[in-house]
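# Observations on chain architecture
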Amino acid sequence: MTIRVVVADDQELVRSGFAMILDAQPDIEVVAEAADGDAAVAAVRRLAPEVALLDIRMPGTDGIEACRAISAGTSCRTVMLTTFDSDEYVFEALHAGASGFLLKDVRREDLVHAVRVVAAGESLLAPSVARRLIAEYTARPPAAAPSARLEALTARERETLLHLARGLSNAEIAAALVVSEHTVKTHVGNVLAKLGLRDRIQAVICAYECGLVTPSAG
């Protein structure tokens, strides 16, 4: 299956560079380029791509707002690109529904990998971004008890969410729970569905915010 992508960045050279890298892949097709957030949202709604690559800072509607609109109104998944490695942008983008977050100095092979991973329904963070995310939530005072929001989960689904929050892959979770990877995928799917989450990144955020993972446990 060909992965259809919209690339949005207000700098033409940057935008065309990313588009050329992705278009050179046999399984990826860049179906549109956009210079601002409004154009990106319009292109996604018109062309229904699998992935949108969005710059954080764009004139008019910025990448965060574009991501929020795309996440709320379409099935397209978003990867955010920025030169600004700051907490503000990380958390805003993730809460807006981003499934990936990369810095613009990303290597071409990592850019291509990110698009493929996100298109497959997984999520991806640059290592520096992941460190910031975990540090932010583990630095917060722990909740007195896990949120009532988690009551919808079975005991095994809670265990799965806990392992997700600790950064384990499906294979590692399967080994920890002594079950098959297929069973883990089912548990992960149930967790996302019951908690109304789009992907693993939002599951990690939820686990910290709900108090399932504390600084000592993280």
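In the block above lies the structure referred to throughout.
Notes on the structure follow.

## What to know about the overall build of the protein
When you go through the protein residue by residue, the secondary structure sums to 10 helices and six strands. Roughly 10000 Å² of accessible area belongs to the protein as shown, and the carbon and sulfur atoms make up 52% of that amount.

## Details of the state of the cysteines
For the coordinates displayed, the defined rule picks out zero disulfides. Cysteine Cys67 is unpaired, with the sulfur of Cys76 as its nearest cysteine sulfur at 9.3 Å. On the accessibility criterion, Cys67 (0% relative accessible area) is buried.

## Here's the deal with the pairing of strand S1 (residues 3-8)
By the criterion of burial, S1 is predominantly enclosed, with five of the six residues buried. In terms of strand pairing, S1 meets strand S2 (residues 28-34) through six bridges, oriented parallel. Of the residues in S2, the one forming a bridge with Arg4 is Glu29. You can see the chain leave S1, run along helix H1 (residues 12-23) and come back into S2, and the turn it takes is right-handed. Judged from the four bridges that link them, S1 and strand S3 (residues 51-55) form a sheet pairing that is parallel. Looking at S3, one finds that Val5 is bridged to Val51.

## Description of helix H2 (residues 37-47)
Within the sequence span of H2, burial applies to Gly37, Ala40, Val41, Ala43 and Val44. Across the axial projection of H2, the buried residues extend over an arc of 160 degrees, all falling on one side. Pointing more than 90 degrees away from the buried face of H2 are the exposed residues Arg45 and Arg46. Next to the buried residues of H2 lie S1, S2, S3 and helix H3 (63-73). Capping of H2 at its N-terminal end is provided by Asp36; its side-chain oxygen lies 3.1 Å from the backbone amide nitrogen of Asp38. Two residues or fewer after H2 comes Ala48, characterised by a positive phi angle close to 50 degrees.

## Section: the pattern of salt bridges
Enumeration over the complete set of coordinates arrives at nine salt bridges. One salt bridge connects Arg107 with Glu109, and the closest N-O pair in it is separated by 3.5 Å. A relative accessible area of 44% means that Glu109 is categorised as partly exposed. Between Lys194 and Glu157 there is a salt bridge; the shortest N-O distance is 2.9 Å. Of this pair, Lys194 sits in helix H9 (residues 181-195) while Glu157 sits in helix H7 (residues 155-165); the two residues are 37 residues apart in sequence, bridging distant segments of the chain. Through salt bridges that share partners, Asp9, Asp55 and Lys104 make up one connected network.

## Focus: the packing of H1 against helix H5 (residues 108-119)
Their axes nearest at 10 Å, the elements H1 and H5 cross at an angle of 70 degrees. Relative to H5, H1 is oriented roughly perpendicular. From H1, Phe18, Ile21 and Leu22 reach across to H5, where they touch Arg108, Leu111, Val112 and Val115. Residue composition of the contact of H1 with H5, by class: six nonpolar, no polar and one charged.

## Here's the deal with H7
Considered for burial, the residues of H7 that qualify are Glu157, Thr160, Leu161, Leu162, His163, Leu164 and Ala165. Once H7 finishes, Gly167 follows within two positions and takes phi at roughly 90 degrees, a positive value.

Thresholds applied
Every chain begins its residue count from 1, and numbering advances along the sequence as written. A pLDDT threshold of at least 70 governs which residues receive local features in this predicted model, and a stricter bar of 80 or more applies before side-chain atom pairs are shown or counted, although totals over entire chains, interfaces and linings include all residues. To obtain the side-chain values, all non-hydrogen atoms of the structure were used and water was disregarded. Helix and strand assignments follow DSSP, with helices taken as H or I runs no shorter than four residues and strands as E runs no shorter than two, numbered in order from the N terminus. Note that accessible areas follow from Shrake-Rupley with a 1.4 Å probe, and for residues the cover is restricted to the protein chains shown. The term disulfide is used for any two cysteine sulfur atoms that are within 2.5 Å. Under the scheme applied here, a residue whose accessible area is under 20% of the maximum for its type counts as buried, over 50% as exposed, and between as partly exposed, the area being computed with a 1.4 Å probe on protein chains only. What makes two strands pair is DSSP finding at least two bridges between them. Handedness of a crossover: with both strands directed away from the viewer, a clockwise path from the first strand across the helix to the second marks it as right-handed. Directions from the helix axis toward the C-beta atoms define the arc. Only heavy atoms enter the contact rule, under which two residues are in contact if any of them lie within 4.5 Å. Here a polar contact is recorded for every N or O atom pair within 3.5 Å, except that within protein the pair must consist of a potential hydrogen donor and a potential acceptor, and residues adjacent in sequence are included only if both atoms are side-chain atoms. Whenever a carboxyl oxygen of Asp or Glu lies within 4 Å of a side-chain nitrogen of Lys or Arg, that contact is scored as a salt bridge. Axes here mean lines fitted to C-alpha atoms, for a helix over just the part in contact, with angles spanning 0 to 180 degrees between N-to-C directions. Should an angle fall under 35 degrees it is taken as roughly parallel, and over 145 as roughly antiparallel, whereas 65 to 115 is taken as roughly perpendicular and any remaining angle as oblique. When residues are sorted by character, Ala, Val, Leu, Ile, Met, Phe, Trp, Tyr, Cys and Pro go into the nonpolar class, Asp, Glu, Lys and Arg into the charged class, and all the rest, Gly among them, into the polar class.

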